[in-house]
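Chain residues, written in single-letter form:
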Amino acid sequence: MPRCDICSARDAVVYQAHTGLRLCKACFFSNVIARVSREIFRYGMIKHSDRILIGVSGGKDSFVLLDILSQIHDPSRLGGATIIEGIDGYNRAEHIAEIKRMATERGVELHVVSIKELWGASVDEMVRMSIEKGQRISPCTYCGIHRRKSLNLIARELGYSKVATAHNLDDEIQTIVINILRGDIARLYMNHPLRPKGSGLFIDKIKPLRKIYEWETAKYAYLASYKPQEVECPYLELFPSLRARVRDMIYRIEASKPGSMLRLLEWFDNTFNPSKQNNRETPKLGLCSICGEPTSPNRSICKSCELQIKSLGEVKIARNVFENTTVGMRYSRTS
Ligand code: SF4
Ligand code: ZN
Ligand code: ZN
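The shown structure was predicted, so the numbers you read here are calculated from the model rather than taken from an experiment.

The next thing to look at is the coordination of the zinc ion (ligand 2). C4 (SG), C7 (SG), C24 (SG) and C27 (SG) make up the full set of protein donors to the zinc ion (ligand 2), lying at 2.3 to 2.4 Å. If you look at the zinc ion (ligand 2), its four donor atoms make angles of 102 to 117° with each other, and the shape they trace is tetrahedral. With relative accessibility at 12%, the residue C27 sits in the buried group.

As structure tokens, then:
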């Protein structure tokens with residue numbers, strides 16, 4: 001076993017192809033934490049006074065995010081939010097105990113909320129009803145939109161100033177390439193850490209792991225003895241997506257030219273920096289006429305309400321799932 005290229009004191013356990021370094025466990029942890037801290041500093045993602053809500057799915061990436069943020073930010077100013085999608089065979093409920101243990105160990109308060117509790121139907125139910133009505137809408141569309149809306153709502157109602165999600169480098173590159181392939185420049189800009197918010201109702205979203213490879217979060221979780229949920233979402237196989245094909249293509253490029261993904265993200269950050277786009281206007285978002293949340297320009301109802309109407313036939317009233325908060329109070333209209 002070769003020695004670590006940094007400390008020379010311990011055996012290496014990780015080979016980092018993009019740097020050519022062999023690292024021991026301690027130096028690998030330090031390396032990842034230093035890169036995350038650098039990214040946070042570079043884009044001013046976190047202020048000392050911030051209260052940050054972390055999206056904690058229980059997967060390896062969210063474990064790494066929770067672990068690192070609790071080391072570099074006051075844990076009493078952190079919260080975790082676990083959103084249960086309600087997908088049969090992908091029941092994160094059995095994993096909740098592990099997530100709670102991990103959050104408690106790090107002194108972080110955890111909020112566990114299901115999409116059904118908040119929006120009246122689980123992802124499975126929305127998908128089933130949408131199929132019954134002859135709609136061809138991907139389960140990931142239902143899932144992703146309601147998860148994002150839930151996180152924003154929880155953060156806003158509970159007074160958090162930032163929402164941190166555990167997207168890693170692989171996720172970011174896939175999204176950028178998909179947006180390029182679709183020619184969707186507006187969405188492409190939305191991936192930049194300095195993107196404008198568009199509405200005061202949105203809580204600032206940060207992605208501290210955006211320069212960390214997925215294999216690195218997997219290795220970090222393994223070396224830290226964390227056991228992430230290993231069951232894959234059944235919809236992944238049933239509805240193969242463009243994302244899966246893009247992922248395979250990018251992996252082949254990265255394997256032959258290590259560091260390609262990092263270089264692509266650096267190029268994106270420099271080229272699509274909103275502060276360099278002097279004549280680019282920030283789109284002003286309107287408000288959904290049903291739920292009152294922000295909606296894309298030129299839309300009268302938001303995507304989430306549209307999806308609920310398509311599947312459930314109405315927009316369900318979001319329940320007040322937090323004691324002493326006003327979640328759902330504004331959701332008094334059905335359609
Ligand atoms: Fe949701 Fe499954 Fe799609 Fe992930 S793969 S967004 S969990 S439906
Ligand atoms: Zn070392
Ligand atoms: Zn709406």
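In this section: the site of ligand 1. Neighbouring ligand 1 are I87, Y90, C140, C143, R147, C233, Y235 and L236. Ranked by residues supplied to the shell around ligand 1, first place goes to helix α6 (residues 139-157) with three residues. Broken down by class, the residue content of the shell around ligand 1 amounts to seven nonpolar, no polar and one charged.

The next thing to look at is helix α13 (residues 303-312). The element α13 is largely enclosed, with a buried count of seven among its 10 residues. Every buried residue of α13 is listed here: S304, C305, E306, L307, Q308, S311 and L312. As for α13, its buried residues are in contact with α4 (115-119), α5 (123-132) and α6. At the C-terminal side of α13, G313 shows a positive phi close to 85°.

Okay, the packing of helix α1 (residues 25-42) against helix α9 (residues 214-223) next. Relative orientation of the contacting elements α1 and α9 amounts to 130°, with a least axis distance of 11 Å. In this view, α1 runs oblique relative to α9, as classed from their interaxial angle. The handedness of the crossing between α1 and α9 comes out as left-handed. Every residue of α9 that contacts α1 at K25, F28, F29, V32, I33 and R35 is listed here: E216, K219, Y220 and L223. Classifying every residue of the contact of α1 with α9 gives six nonpolar, no polar and four charged.

Overall, the coordinates contain seven aromatic pairs when judged by the stated rule. With centroids separated by 5.2 Å and ring planes inclined at 20°, the aromatic side chains of F268 and F272 adopt a geometry described as stacked. One exposure class covers both F268 and F272, and it is buried. Through a chain of ring-to-ring contacts, three or more aromatic side chains come together here, namely F28, F29, W215 and Y220. Sitting above the plane of the Y160 ring, R51 keeps its charged end 4.2 Å from the centroid.

Rules used throughout
By convention here, each chain's residues receive numbers from 1 onward along its written sequence. Chains and ligands are labelled sequentially in the order written, the chains with letters from A and the ligands with numbers from 1. Note on the predicted model: pLDDT of at least 70 is required for a residue's local features to be given, and 80 or more for side-chain atom pairs to be given and counted; whole-chain, interface and lining totals, by contrast, use all residues. Side-chain calculation: all heavy atoms of the structure are included, whereas hydrogens and water are not. Here the coordinating atoms are restricted to nitrogen, oxygen and sulfur within 2.8 Å of the metal centre, or 3.2 Å for Na, K and Ca, and because water is not among them the sites may look incomplete. For a four-donor site, all angles between 85 and 135 degrees give tetrahedral; for four or six donors, opposite pairs above 155 degrees with the remaining angles between 65 and 115 give square planar or octahedral; all remaining cases count as irregular. Partly exposed describes any residue whose relative accessible area lies between the buried limit of under 20% and the exposed limit of over 50%, with all areas from a 1.4 Å probe on protein chains only and scaled to the type maximum. In these notes, residues near a molecule or strand are those with any non-hydrogen atom within 4 Å of it. A run of H or I in DSSP becomes a helix once it reaches four residues, and a run of E becomes a strand once it reaches two; helices and strands are each numbered from the N terminus. Just so you know the grouping, Ala, Val, Leu, Ile, Met, Phe, Trp, Tyr, Cys and Pro go in nonpolar, Asp, Glu, Lys and Arg go in charged, and all remaining residues, Gly too, go in polar. Residue contacts follow a heavy-atom distance rule, with two residues in contact if any of their heavy atoms lie within 4.5 Å. Where helices are involved, their axes are fitted lines through C-alpha atoms of the stretch in contact, as for all axes, and angles between N-to-C directions lie from 0 to 180°. Working rule for angles: under 35 degrees goes down as roughly parallel, over 145 as roughly antiparallel, 65 to 115 as roughly perpendicular, anything else as oblique. Note on convention: near helix rotated counterclockwise from far helix by under a right angle means a left-handed crossing. Clockwise means right-handed. Between the rings of Phe, Tyr and Trp (Trp by its six-membered ring), a pair exists once the centres lie within 6.5 Å; its type follows the angle of the planes, with under 30 degrees stacked, over 60 edge-to-face, and the other angles tilted. A ring has a charge above it when a Lys NZ or an Arg CZ is no more than 6 Å from the ring centre and no more than 35 degrees off the ring normal.

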